[in-house]
Amino acid sequence: MLHARCCLNQKGTILGLDLQNCSLKDPGPKFFQAHTAIIIDLQANPLKDDLVNTFHGFTQLQTLILPQNVSCPGGISAWNTITSYSDNQTCQGQRNLCNSTGDPEMCPENGSCAPDGPGLLQCLCADGFHGYKCMRQGLFSLIVFFGILGSTTLSISILLWGTQRRKAKAS
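Bear in mind the structure is a predicted one, so any value in this text is a computation, not a measurement. (Residues numbered from 1 in each chain as written. Predicted model: local features only at pLDDT ≥ 70, side-chain atom pairs only at ≥ 80, totals over all residues. Heavy atoms only, no water.)

1. What about unusual backbone geometry?
Although it is not a glycine, Asn-21 adopts a positive phi angle of roughly 60°. Looking at the secondary structure, you find Asn-21 in the loop between β3 (14–18) and β4 (39–41). The exposure class of Asn-21 is exposed, given its relative accessible area of 57%. The phi dihedral of Ala-44 is positive, around 60°, even though this residue is not glycine. Note on placement: Ala-44 falls in the loop between β4 and β5 (63–67). (Helix = DSSP H or I, 4+ residues; strand = E, 2+ residues; numbered from the N terminus. Buried < 20%, exposed > 50% of the residue type's maximum accessible area, 1.4 Å probe, protein only.)

2. A short note on the nonpolar core
It is characteristic of soluble globular proteins that their nonpolar side chains tend to be buried jointly. Judged by nonpolar contacts, the single largest core of 23 residues is most densely connected at Ile-40, Leu-42, Phe-55, Leu-64 and Leu-66. Mapped by element, the contributors of at least two residues to this core are β2 (6–8), β3 and β5. If near-sequence neighbours (up to four positions away) are discounted, Ile-40 is found in contact with Leu-17, Phe-31, Phe-55, Phe-58, Leu-61, Thr-63, Leu-64 and Ile-65. (Core = buried A, V, L, I, M, F, W, Y, C linked by side-chain atoms within 4.5 Å. Contact = heavy atoms within 4.5 Å.)

3. Digging into the packing of aromatic side chains
For the structure shown, the criterion picks out 5 aromatic pairs. Where Phe-32 meets Phe-58, the ring centres are 6.4 Å apart and the plane angle is 85°; that geometry is what we call edge-to-face. Of this pair, Phe-32 sits in the loop between β3 and β4 while Phe-58 sits in the loop between β4 and β5; the two residues are 26 residues apart in sequence, bridging distant segments of the chain. Look at Phe-145 and Phe-146: their rings are 5.0 Å apart centre to centre, the planes differ by 75°, and that puts the pair in the edge-to-face class. The exposure class assigned to Phe-146 is partly exposed, which follows from its relative accessible area of 49%. (Phe/Tyr/Trp six-rings, centres within 6.5 Å; stacked < 30°, edge-to-face > 60°.)

4. Observations regarding the environment of Gly-16
Assignment of secondary structure puts Gly-16 in strand β3. Residues Gly-16 and Pro-29, 13 residues apart in the sequence, show an inter-C-alpha distance of 18 Å. Those residues in contact with Gly-16, other than ones at most four positions away along the chain, are Arg-5, Cys-6, Cys-7 and Ile-39.

5. Examining the confidence of the model for the protein chain
Should pLDDT be low for a region, the predicted coordinates there are not to be read in detail. Model confidence for the protein chain is summarised by a mean pLDDT of 87, while 91% of its residues fall at 70 or above. Put simply, strand β1 (residues 2–3) is where the protein chain has its lowest mean pLDDT, 60, and strand β6 (residues 79–84) is where it has its highest, 96. (pLDDT = per-residue confidence, 0-100.)

6. Considerations on the state of the cysteines
Counted under the stated rule, the structure contains 4 disulfides. Disulfide partner of Cys-98: Cys-113, at an S-S distance of 1.9 Å. Taking the sign of the torsion about the S-S bond as the criterion, the disulfide between Cys-98 and Cys-113, at about -75°, is left-handed. Of this pair, Cys-98 sits in helix α1 (residues 97–100) while Cys-113 sits in strand β8 (residues 111–115), placing them 15 residues apart in sequence. (Disulfide = S-S within 2.5 Å.)

Here's what the structure looks like:
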């Protein structure tokens, strides 16, 4: 289904996005809403060259058409084919960096690698693990965390109130 410059499926999910010649310097903060897109056309826009974090979460993106002077996000290692034409550059076939890095220790022992967009990946903790490098086993204890935080805040507040109160009585 075609709606304005978007190609949508029956559920209304964005599959394609035609933003060519829209005078965009930056796709903007709401661009993430198009993270389900398979094809995005951004040619003929005065985009800045650093677009890596712009496509954070765009795991289904397979074709990206950019202005000639803008590099494909993630570089040559993130795409199967990068083709340069006189007026644009086409990035096709997003690679899964988790499979192509060759480094089995990229993620910690209790974590697994997951793609997170062109040239991006993330390490997800296995069930039952959390924290830095997925080293902590069990669930994150919110009661202990907020209990310590609350009691510390209360103690410091009482201490400061007491010291300021004594100065107020003296003057």
